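A closer look at the structure
So the chains spell out like this:
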Amino acid sequence: MRVALSLAVTFLSLATLARAAPLIFDVPVPDPAEAETAVSADAPRDETKATELDSRLSGAPVVGATEVVRQLTGAASHNSTAARWNVHGTDLGHMFRHDGALYMVFGDTYGADGGDWRSNTMARIDDPDPAGGLPFTAMIKGATGTAKELVRSVKIPGHEWTVIPTNGISVAGRMILHYMSVRFWGADDQWFVRRSGLAFSDDHGQSWTKSDRAIWASGLGFEQVAYAKYDDMVYVFGIPQGRYGAVRLGRVAPEELLDPAAYSYWDGTAWSDDIARAETIVPAPAGELSVAWSETHGRWLMLYFEPARAEIVLRTAPEPTGPWSAGQRVVSSADHPGLYAPYIVPADDIGDSLYFTMSLWKPIYNVFLMKTTLEGGAGVMATNDVPTEALPPAKD
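Residues numbered from 1 in each chain as written. Predicted model: local features only at pLDDT ≥ 70, side-chain atom pairs only at ≥ 80, totals over all residues. Heavy atoms only, no water.

Quick word on the confidence of the model for the protein chain
Which entries qualify depends on this criterion: The predictor reports its confidence for every residue as pLDDT, a score running from 0 up to 100. Whether two residues touch is decided by their heavy atoms; if any such pair falls within 4.5 Å, the residues are in contact.
Confidence in the prediction for the protein chain averages 85 pLDDT; 80% of positions are at 70 or higher. Considering only residues more than four positions removed or in separate chains, one finds that residues 1–56, a stretch of pLDDT under 50, has 113 contacts. Note that residues 378–396 has pLDDT below 50 and, in this model, 58 contacts with residues that lie over four places away or in other chains.

What follows is the structure, given as structure tokens:
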């Protein structure tokens, strides 16, 4: 299929705009060997030291049964987002707490029949307890009453097709979203990012400003991120554009989030000011991810989409730097075709129930609330030598 670069681009159908659909465009295609693809840049590092089971992983949680709690977006959702805010289809649904409420952020959002395209939207949930099903109190809306685009995109393929928030955080009363400016979508599980950056809101999400200094070039391995606050720091777990890169780690003081020079990166042994020294903490391939600390289990929990097996997997670790356990299958595309983007629901603590959002692509393109059981058990060290085929299945 060929797509002309014209005003009609704005009104392309969901199928055309899919992350999962192979597309060809009338724009220059970068050489996959270049660093910006961030696919070949994730060669396995030497993990010869990780040859024995680390005793610190003893007692790590084991995945039990996983279930769909309810559909959160779309005409069939209990939130009735189609009728209330003209949100018939959307994805992602990552979350952060702010001013006592839970805010959920979405990617490309559409009205009926793929019209009224907005690159990103956001809902407010006054009851943040996922056991209650996450009812939407409101969405950030425009003058017409429909959910409005938060961070503007120019919608020109080859330059900036869309702007997708990859995670959000609240710091000192200010909302901050990390976004990726997508140049264009590629083949399955690949897309090309122009740059990434931060946008902020000081009026509870009603208006947003792109920071003119919190900008990162593509190809650095942090085109998409997951934020986690801990011990007066914000840990930044990063992956490259697309879904085939490894996970790397940075950190920054909350008050310095908008200053790229204030970040430091884990180089495998210590924290470095050089982003180029950021070392792999979880091997490729990893797609959209989220990370949270569980006091109950005494472990960090990482959920992400694993494209080689089309599954959502869980890894755990005693520290943000690792060592991270082998991945456990949480849910498979065999049960939920087109799944991706697992985001942990923020909680004061995560015990035996892990709630997360999950997106489905075709034919529904919407966000679902999921619940999985965590049980006691023992972890296994993650190494780049462990093939994805070795992922253990979820416990029945």
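Re the pairing of strand β13 (residues 233–239)
Our working rule: Partly exposed describes any residue whose relative accessible area lies between the buried limit of under 20% and the exposed limit of over 50%, with all areas from a 1.4 Å probe on protein chains only and scaled to the type maximum. Runs of E in the DSSP output that reach at least two residues are strands. Runs of H or I that reach at least four are helices, and both are numbered from the N terminus. Note on pairing: two strands pair once DSSP finds at least 2 bridges between them.
With respect to burial, β13 is a largely interior element, six of its seven residues being buried. When strand β12 (residues 224–230) meets β13, the two strands line up antiparallel, connected through seven bridges. In the strand pairing of β13, Y227 is matched with V236. The antiparallel hairpin formed by β12 and β13 contains two residues in its connecting segment, where D231 sits at a positive phi of about 50°. Sheet analysis places β13 next to strand β14 (residues 245–252), joined by five bridges and oriented antiparallel.

Looking at a negative patch on the surface
Definition in use: Two joining distances apply to patches: 9 Å for like charges and 5 Å for nonpolar side chains (Val, Leu, Ile, Met, Phe, Trp, Tyr), and every residue must have over 30% relative accessible area and no salt bridge. The Shrake-Rupley method, run with a 1.4 Å probe, gives the accessible areas here. Residue values count only the displayed protein chains as cover. For this document, the term salt bridge refers to a Lys or Arg side-chain nitrogen within 4 Å of an Asp or Glu carboxyl oxygen. Residues counted as positive are Lys and Arg, residues counted as negative are Asp and Glu, and His and the chain ends are not counted. For charged residues, the charge sits on one atom: NZ in Lys, CZ in Arg, CG in Asp, CD in Glu.
On the surface, D231, D232, E255, E256 and E319 cluster together to form a negatively charged patch. Relative to the helices and strands, D232 is located in the loop between β12 and β13. Of the residues examined, D232 reaches a relative accessible area of 71% and is grouped as exposed.

With respect to the nonpolar core
Going by this rule: Among buried residues, those of type Ala, Val, Leu, Ile, Met, Phe, Trp, Tyr and Cys that are joined through side-chain atoms within 4.5 Å constitute a nonpolar core.
Ranked by size, the top nonpolar core spans 53 residues in total, and within it M104, L134, F136, L303, I312 and M358 carry the most contacts. Once residues within four sequence positions are removed from consideration, L303 is found in contact with E288, L289, S290, I312, V313, L314, V330, P342, I344, L354 and F356.

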